[in-house]
Amino acid sequence: MEKGFLKEVRIHARAGQGAITTASLLGDAFFEEGKFAYAFPHFGAARMGAPMNAFVRISERPVRLRSQVYNPDYLLIVDPSLVMGFDVFKGFKEEGIALINSEEDFPIPEMKKSQKVFFIPANKIAQEIMGRPLGNTALLGAFCAITGLVKLESLLKAINKRFSGKIAQQNIETARRGFEYLKSTSRR
Amino acid sequence: MKEYLEGSQAIAKTVALCRPGVISAYPITPQTHIPENLAEMVAKGELKAEFVNVESEHSAASCCLGASATGVRAYTSTSSQGLLYMLEVIFNIAGLRLPLVLTCANRAVSAPINIWNDQQDSLTARDTGWIQFYAETIQEAVDLHLQAYRLSEDKRILLPVMVNLDGYILTHGYEVVDIPEQELVDKFLPPYQLDYKLDPENPLTLGVLAGPDYYLETRYAIQKTMEEVLKIIPEIGEEFFKVFGRKSGGLVEGYFLEGAEKVIVAMGSVCGTIKETIDELRNEKERVGLLKIITYRPFPQEEIYQALKDIKEIAVLEKAVSLGGFGPLYTEIKALFAGKKESPKVSGFIAGLGGRDITKGSLKTVFEKLSGRQTDCEFMDLNLSPNSQR
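All figures in this text were calculated on a predicted structure; none of them were measured in a lab.

## Concerning the overall build of chain A
Phase 1 of the analysis: A tally of regular secondary structure across chain A gives six helices and six strands.
Phase 2 of the analysis: When the elements of chain A are put in sequence order from the N terminus, they spell out β-α-β-β-β-α-β-β-α-α-α-α.
Phase 3 of the analysis: A compact globule built from 188 residues would reach a C-alpha radius of gyration of about 16 Å, and chain A, at 15 Å, matches this within 12%.
Phase 4 of the analysis: In terms of overall dimensions, chain A has C-alpha extents of about 45 × 40 × 40 Å along its principal axes.
Phase 5 of the analysis: Classification of the 188 residues of chain A by burial places 55% in the buried group.
Phase 6 of the analysis: Put simply, 58% of the contacts in chain A that link residues at least 6 apart link residues at least 24 apart.
Phase 7 of the analysis: Element-wise, carbon and sulfur atoms account for 52% of the exposed surface of chain A, whose accessible area totals about 8,500 Å².

Take a look at the structure:
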């Protein structure tokens, strides 16, 4: 067994929606805090628009387990249309937290009391800031806020390493807004 | 410096540190990110190398053959069908005794078309005269590339090296990787110098016709050199440790072999998942272990024999199969114990073909099956419906 803590994140998106970048940014944020993360993709069909997953496995020591994530502690649903056609909640942990990229709440399967699901208007936030509906960094900001596993500052550092100039600034702003959205107690 | 990198990016950075003069590659998933990264470094002027764009893998390999024959350090990478398309040239490079490093991002072969990971591509190239390494982690892949150049260009060897890393799992995975300083790489890897090379000032011919009077001896020479390689790999590993302060690579690696009753033998990234499974089973007092094969060619038979001779039950778990026969590694491990007294029970398992996920659950099943009857070639995690025979 992994010593210390081991957390697993499963991202649901369509190929081309930046799920791998999202996973690697999250992994890099943990790296900034001296932790180890293995971020990796799994493609269903190898084409744009096809449903795909990216995973992040986080630990205090190097991650050796190479299999996919079947019992996620955290779910990041980048494309809410996937909730309809797929069982995105399959294997969802008892104390799991799911973040869905959607402006409006919509019906989802019944959850256990200990499981939490949040709807975040991530694409709306991104549209306002960068003029494009790429809400991935807003979801990551929200992840920092709700889990407390990794600091927002670490995520922002990772974003700064990955992007430069205007794109970096816009994504930092988007991440901050996602963070603040979930920090505001009215949404809890 | 420790960085958080994609496997392909880490390999590209490492190759750049080895200062190749010629890079030639053709895109094929999941290898593409490696040459893309290198091409970008060349275009930005960060890497002084000639990046030769070609129309196929056959030409990429030919281009590297030519570069190496003129005394220029070269690099190429490929996967799956790309490696198969190179194969004719792959044999030639070894036959000409030319140093070269090739990264194979392991992927299944067609048909049916499948872009996901297994190791059928490189295992198909096992008889070519190339040295073959298999990496468990991105860090190990990085370290093996450095050692590969050193080994390949060693005057006692002069053979090409293929460094294998599992497609997607390692090429597209992100991990913390320690990328060494240029200064240290330069210390470890001296400039490439070939005593006999293609040079207009001193003309010579390489690869001339060798009839029945000579050909046999050229193959014997490679076979003898391969025996030398087994001695030189640990030697280079020691030097690597002295320069970089890290033990990495080698012939084989044991994990909880002492006192083990059941052992899985495997290659590549699945060894990480096997180690995790072993930790869990050890907590339940199961005496299980792993033998990881890092160097597959030359085949480190003595090290494998010594590591396994006292084990009762052995599972050889492979991501490749010789259809109509057995797993290639199984055949060789089994042969090691033929005619020996009290040899272990060796069983063969095929898993993970075409990217089928290998979970801790599948590996626990493999360990359980070892208590049963011996099996030669059992396919794990099959999902057969009554009508899916063909």
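## Section: empty space enclosed by the protein
Phase 1 of the analysis: Throughout the structure, instances matching the rule amount to three cavities of 30 Å³ or more.
Phase 2 of the analysis: Quantified by volume, the largest cavity comes out at close to 260 Å³.
Phase 3 of the analysis: The wall of the largest cavity is formed by 21 residues, among which R66(A), Q68(A), I169(B), G355(B) and D357(B) lie closest to the centre.
Phase 4 of the analysis: For the lining of the largest cavity, the elements supplying multiple residues, two or more each, are β2 (36–43) of chain A together with α9 (270–283) of chain B.
Phase 5 of the analysis: It is β2(A) that contributes the most residues to the lining of the largest cavity, four residues altogether.

## Let's talk about the environment of L149(A)
All names here are of chain A.
Phase 1 of the analysis: Among the structural elements, L149 can be located in the loop between α4 (136–147) and α5 (152–162).
Phase 2 of the analysis: Placed 131 residues apart in sequence, L149 and G18 show a C-alpha to C-alpha distance of 22 Å.
Phase 3 of the analysis: In this view, L149 contacts F5, K7, F30, E33, Y74 and F143; residues no more than four positions away in its chain are not counted.

## Things to note about the nonpolar core
Phase 1 of the analysis: Residues L38(B), I131(B), F133(B) and L151(B) are the most contacted members of the largest nonpolar core, which totals 58 residues.
Phase 2 of the analysis: Of all the secondary-structure elements, those providing two or more residues to this core are β2 of chain A together with α1 (7–17), α2 (33–43), β6 (131–134), α6 (138–153), β7 (161–166), α7 (182–188) and α8 (215–244) of chain B.
Phase 3 of the analysis: No other element matches the ten residues that α8(B) contributes to this core.
Phase 4 of the analysis: The residues contacting L151(B), other than those within four sequence positions of it, are I131(B), F133(B), I157(B), V229(B), I232(B), I233(B) and I236(B).
Phase 5 of the analysis: Formed by 54 residues, the second largest nonpolar core is a distinct cluster that contains V9(A), F31(A), W116(B) and Y168(B).

## Some thoughts on the sheet that holds strand β11 (residues 288–293) of chain B
Residue and element names in this part refer to chain B.
Phase 1 of the analysis: Strands sit in the order β9-β11-β10-β13-β14-β15 across an open sheet of six strands; the sheet is mixed. The sheet is open, and its two edges are formed by β9 (252–255) and β15 (378–379), each paired on a single side.
Phase 2 of the analysis: Note that strand β13 (residues 313–318) and strand β14 (residues 345–350) share six bridges and pair parallel. Directly across from E318, in β14, lies its bridge partner I350.
Phase 3 of the analysis: Across the sheet, helix α11 (residues 328–336) lies against β10 (262–266), β11, β13 and β14, angled at about 150° from β13, the strand it touches most.

## Here's the deal with the domain arrangement of chain B
A common way to report how large an interface is uses the accessible area buried once the components associate.
All names here are of chain B.
Phase 1 of the analysis: Parsing chain B into structural domains produces domain 1 (2–244) and domain 2 (253–379).
Phase 2 of the analysis: Computed from C-alpha coordinates alone, the two centres of domain 1 and domain 2 are separated by 27 Å.
Phase 3 of the analysis: In this complex, domain 1 contributes 26 residues to the contact, which on the side of domain 2 involves 25 residues.
Phase 4 of the analysis: Carbon and sulfur atoms supply 54% of the area buried between domain 1 and domain 2, which totals about 2,000 Å² over both sides.
Phase 5 of the analysis: Linking domain 1 to domain 2 there are four salt bridges.
Phase 6 of the analysis: Linking K275 and E136 is a salt bridge whose minimum nitrogen-to-oxygen distance equals 2.8 Å.
Phase 7 of the analysis: The interface formed by domain 1 and domain 2 contains 16 residue pairs in polar contact (both at pLDDT 80 or more).
Phase 8 of the analysis: Elements with a contribution of two residues or more to the side of domain 1 that touches domain 2: α5 (120–124), β6, α6 and α8.
Phase 9 of the analysis: Looking at the side of domain 1 that touches domain 2 residue by residue, the classes come out as 15 nonpolar, five polar and six charged.

## Regarding the side chain of R57(A)
All names here are of chain A.
Phase 1 of the analysis: Along the chain, R57 falls in strand β3 (residues 51–59).
Phase 2 of the analysis: Of note is the side chain of R57, whose polar atom sits 2.7 Å from the backbone oxygen of L65.
Phase 3 of the analysis: In this structure the side chain of R57 is engaged in a polar contact, spanning 3.3 Å, whose partner is the backbone oxygen of Q68.

## Regarding the state of the cysteines
Phase 1 of the analysis: Per the stated rule, a full pass over the model turns up zero disulfides over all chains.
Phase 2 of the analysis: Here C377(B) is not cross-linked by a disulfide; its sulfur's nearest cysteine counterpart is in C271(B), at 19 Å.

## Some remarks on the interface of chain A and chain B
Phase 1 of the analysis: Counting from both sides, the interface comprises 27 residues of chain A and, opposite them, 28 residues of chain B.
Phase 2 of the analysis: Regarding the contact of chain A and chain B, the summed buried area is about 2,200 Å², with carbon and sulfur atoms giving 56% of it.
Phase 3 of the analysis: Our count for the contact surface shared by chain A and chain B stands at four salt bridges.
Phase 4 of the analysis: One salt bridge connects R64(A) with D279(B), and the closest N-O pair in it is separated by 2.7 Å.
Phase 5 of the analysis: Joining chain A to chain B, the criterion identifies 13 residue pairs in polar contact (both at pLDDT 80 or more).
Phase 6 of the analysis: Counting only elements with at least two residues in the side of chain A that touches chain B, the list comes to α1 (19–32) and β2 of chain A.
Phase 7 of the analysis: A per-element tally of the side of chain A that touches chain B places β2(A) first, with eight residues.
Phase 8 of the analysis: Classifying every residue of the side of chain A that touches chain B by side-chain character gives 14 nonpolar, six polar and seven charged.

## Notes on unusual backbone geometry
Residues and elements named next belong to chain B.
Phase 1 of the analysis: Residue A111 is bonded to the preceding S110 through a cis peptide linkage, with omega at -10°.
Phase 2 of the analysis: Along the chain, the position of A111 falls in the loop between β5 (101–106) and α5.
Phase 3 of the analysis: Here the amide bond leading from R297 into P298 is cis, since omega sits at -5°, within 30 degrees of zero.
Phase 4 of the analysis: Structurally, P298 is set in the loop between β12 (295–297) and α10 (301–308).
Phase 5 of the analysis: A positive phi angle, near 45°, is found at S80, a position not held by glycine.
Phase 6 of the analysis: Turning to its location among the elements, S80 is positioned in helix α4 (residues 80–95).
Phase 7 of the analysis: Take S80: its relative accessible area is 0%, and that puts it in the buried class.

The rules behind the values
- Residues numbered from 1 in each chain as written.
- Chains lettered and ligands numbered in written order.
- Predicted model: local features only at pLDDT ≥ 70, side-chain atom pairs only at ≥ 80, totals over all residues.
- Heavy atoms only, no water.
- Helix = DSSP H or I, 4+ residues; strand = E, 2+ residues; numbered from the N terminus.
- Rg over C-alpha atoms; globule rule 2.2 N^0.38 Å.
- Buried < 20%, exposed > 50% of the residue type's maximum accessible area, 1.4 Å probe, protein only.
- Contact = heavy atoms within 4.5 Å.
- Areas by Shrake-Rupley, 256 points an atom, 1.4 Å probe, with all protein chains shown as cover.
- 1 Å grid on protein atoms, 1.4 Å probe; cavity = no way out; pocket = protein on both sides within 12 Å on 5 of 7 lines; lining within 4 Å.
- Points joined across faces, edges and corners; volume = space filled by probe spheres on them.
- Core = buried A, V, L, I, M, F, W, Y, C linked by side-chain atoms within 4.5 Å.
- Pairing = 2+ DSSP bridges.
- Axes fitted to C-alpha atoms, helices over the stretch in contact; angles between N-to-C directions.
- Domains from an automatic or database assignment.
- Buried area = accessible area lost by both parts, 1.4 Å probe.
- Salt bridge = Lys/Arg side-chain N within 4 Å of Asp/Glu carboxyl O.
- Polar contact = N/O pair within 3.5 Å; in protein donor to acceptor, adjacent residues only side chain to side chain.
- Nonpolar A, V, L, I, M, F, W, Y, C, P; charged D, E, K, R; others polar.
- Disulfide = S-S within 2.5 Å.

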